[in-house]
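# Report on the structure
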Amino acid sequence: MTTTTTGTTAVTGAVGVAHTRVEGLAKVTGAARYAGEIPFAELAHGWLVLSTIARGRIRAVESAPVLAMPGVLAVLHHGNAPRVDGNYTGPLGAPDPVVQVFQHDRVPYAGWPVALVVAETPEQAREAAEALVVRYDQEPHEVAFAAGHPDIYTPESSPHSPVETEKGDLAAALAASAVVVDAQYTTPEEHHHPLEPHAAMARWDGGRLELVDSNQGSRYVAEELAHLFSLDPASVRVRSEHVGGGFGSKALRPHQVLAAMAATVLQRPVRVVLTRRQMFSVVGYRSPTAQRIRLGADADGRLRAFDHQAECVTSTVHEFIERSADMGRVMYDADAHHTVNRVVRLDVPTPSWMRAPGEAPGSFALESALDELAEKCGIDPIALRARNEPAAGPVSGLPFSGRKLLACFQEGARRFGWADRDPRPGLRRDGRWLLGTGTAAAHFPARALPSTAAVTAEADGGFTVRIAAADIGTGARTALTLIAADALEVAPERIRMQIADSDFGPAMIAGGSMGTRSWAWAVTAAAGDLREQLALGGGIPPQGITVRSDTTAAIAALAQKERHAFGAQFAEVAVDVTSGEVRVRRMLGIFAAGRIVNPLTARSQFIGGMTWGLSMALHEEAVRDRASGAPVGADLAGYHVAAHADVPPIEADWVDDPDEDDPVGIKGIGEIGIVGGAAAIANAVWHATGVRHRDLPIRPDRVLLAGGGDRAAG
């Protein structure tokens, strides 16, 4: 920690030093209120009713008996709901039609919103919603996904990256390769379930639509609502001060639109809170994937051919692509290089962003295949990756802004004790447990999008920062406080950080590991301009002074480069030869993820991502009932996630890696922790048992069926 003196005020270099959360006390004492628990006068409560069929039409909503029940105020459905306009393209593309609720009688999948019951209390609303009879004309449906589905297609385009990339003669390169890996990998449907369920309260206040919500971007939600309801953007205000997790699920969803509809109809505040079961249908999820990877290499492991073909699911009403094949476009080069993402439309809800979309499932397949190649070549897995380090972007040809992947592997190998590893599988034992170790590489894009911020020098000597950022549990509020303090050369205690209010102006959402990087740029720019004005003006006037920034031009002026965070994941597992149980005994992640603003919360983010990778590898799997089209066991009893007893000691650290093109040096850390985690564990299971598992999760029955325990035991 460095300390300087400005006038009579001691200034502490805050960035890079561990700080507890500025809102930590409020959270642990219950003073921090979340969207579902803030009181409002005359508040009514909405309860969502979802379809019980997977495809067809609504024939009738029998609302009369329900309207006669105690406390019931309204039953909204396609026959009486306000009209909305979904014919627009927002910053994240055209909206999923699920947010255009109650506009027609079509049902495209099980769990489609069909009615909202509004009552004086949540209990009355729930009882009435469960009593509501909805009659359907049912049609045949299809929800089963498998590799090579006959209706698979290659999308014409993708808003975020090319659908397909290709260079060289793949067939010739494969034929000329001394060693070839050709394998199929699958990952199941997975669901993000933040601790805080989705909730929104809507009301009209002074001619403005106000939403108090749990979301990942208040300005984004406000602009989307303005489009849907054909309102002047200035007449919509969204606030979301405290959010209990998001992971990509808390964008614009039906419950926010329904709260606004009901508030408009009843002319009183209405809150809609989703149940855990409803969250399986209406807030997005990670598509299942089937991925074929073909790698061709010389005998020394140098890649000649690289082919990654990924397939995923989308709904019949909206196209979303899980970009699993994007992973290799950055990681490894070859003379012939091909990647493609393909999609099949089924009668299922639309998938959506879920922590490290594309990179999480893509890294499992790719980094498992690299391990298989290392085994065939008789080369250490880390040495193989070092042998195939690209000098520039394998597909783009652009220079890297920084690529310290090998530094992560070197430091991780030293700490993990990799040099002592016997590469032969199935040899280490601890009683009935077979032991193995594995590793995998990680990367995630480091992007920034335009944002605005306002910084006010107050007459009392403090500084107020206003930005429509979102702290979804990451510690962003604290990180921005530290960044503002350093930019203003004052102690963090003099910063008042106000976030998550759409009235503060345009700002990037909390997503894509871009939030803190984008917001910090805007805060730093405003703070720098304010310091200059204060220096020229000779101090703070009695009324204070405010400076506003907009980073649009600065970000547009960035040189074209491959900008990414990188990492190396290590895992040790124990496999019970009698039950097939897999236990992770330890994990280590070393990351090169830009300048670390707050080591305390950053380490928590890395460990959280790595825990999710463990859960992905061994536990998480949503299954759809083919008869009903709905998820089986749509709760946290039926959908298993890693519990405390499943999580071993996890160590996360980083190497120095500031981004020289960023004013703070940030790259982003929210998602890279999950990337490569599942592959490292799968590779460790192979090392323990001698059997490859190419399908997630690695359940005990799959271990027993594969015979790894028996083979090793014999």
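Structure report, in brief.

What counts as what
Residues numbered from 1 in each chain as written. Predicted model: local features only at pLDDT ≥ 70, side-chain atom pairs only at ≥ 80, totals over all residues. Heavy atoms only, no water. Helix = DSSP H or I, 4+ residues; strand = E, 2+ residues; numbered from the N terminus. Rg over C-alpha atoms; globule rule 2.2 N^0.38 Å. Buried < 20%, exposed > 50% of the residue type's maximum accessible area, 1.4 Å probe, protein only. Contact = heavy atoms within 4.5 Å. Areas by Shrake-Rupley, 256 points an atom, 1.4 Å probe, with all protein chains shown as cover. Lys, Arg positive; Asp, Glu negative; His and termini not counted. Charge placed at Lys NZ, Arg CZ, Asp CG, Glu CD. Pairing = 2+ DSSP bridges. Expected span 1.5 Å × (residues − 1). Axes fitted to C-alpha atoms, helices over the stretch in contact; angles between N-to-C directions. Left-handed = near helix turned anticlockwise from the far one by under 90°. Nonpolar A, V, L, I, M, F, W, Y, C, P; charged D, E, K, R; others polar.

With that settled, consider the overall build of the protein. Counting its secondary structure elements, the protein contains 18 helices and 26 strands. In summary, the protein has a C-alpha radius of gyration of 26 Å against a globular reference of 27 Å for 714 residues, a match within 12%. If you line up the protein on its principal axes, its C-alpha atoms span 75 × 75 × 50 Å. Taking all 714 residues of the protein together, 61% fall into the buried category. Put simply, of all contacts in the protein between residues at least 6 apart along the chain, 82% involve residues at least 24 apart. Looking at the protein as shown, the accessible area adds up to about 26,300 Å², and 51% of this sits on carbon and sulfur atoms. In the protein, 67 positive and 83 negative side-chain charges are present, and the distance between their average locations comes to 2 Å.

As a further point, take unusual backbone geometry. In this structure, the amide linkage connecting L696 to the following residue, P697, adopts the cis form with an omega of -5°. As for its position among the elements, P697 is in the loop between α16 (677–689) and α17 (700–706). The backbone of A356 shows a phi angle near 60°, a positive value even though the residue is not glycine. Relative to the helices and strands, A356 resides in the loop between β17 (336–346) and α9 (359–377). Exposure remark for A356: the relative accessible area of 0% places this residue in the buried category. With phi around 60°, A500 is a residue other than glycine that occupies positive phi space. Topologically, A500 is positioned in the loop between β22 (495–499) and α13 (515–537).

Among the seven residues in strand β3 (residues 44–50), seven count as buried, and that is most of the element. Here β3 shows no split at all, with A44, G46, L48 and L50 on one side and H45, W47 and V49 on the other all buried. Taken together, the three bridges between β3 and strand β14 (residues 270–273) define a ladder with parallel strand orientation. The partner of A44 across the bridge, within β14, is V270. Taken together, the six bridges between β3 and strand β7 (residues 113–119) define a ladder with antiparallel strand orientation. The residue of β7 that forms the bridge with W47 is V117.

In this section: helix α12 (residues 476–488). Its 13 residues give α12 an end-to-end C-alpha distance of 18 Å, which sits within 8% of 18 Å, the value for a rise of 1.5 Å per residue. Every buried residue belonging to α12 is among A476, R477, T478, A479, L480, T481, L482, I483, A484, A485, A487 and L488, and all of these are buried. Buried-residue contacts for α12 involve β20 (452–457), β21 (463–467), β22 and α13. E489 occupies a position one or two residues after α12 and carries a positive phi of about 60°.

Once that is clear, we can look at the packing of α9 against α16. α16 packs onto α9 with a crossing angle of 35° between their chain directions and a minimal axis gap of 8 Å. Note that α9 runs across α16; the crossing there is right-handed. Residues S363, F364, E367, S368, D371 and E375 of α9 touch α16, and the partners they reach there are A678, A679, A682, N683 and W686. Class assignment of the residues belonging to the contact of α9 with α16 gives a composition of five nonpolar, three polar and three charged.

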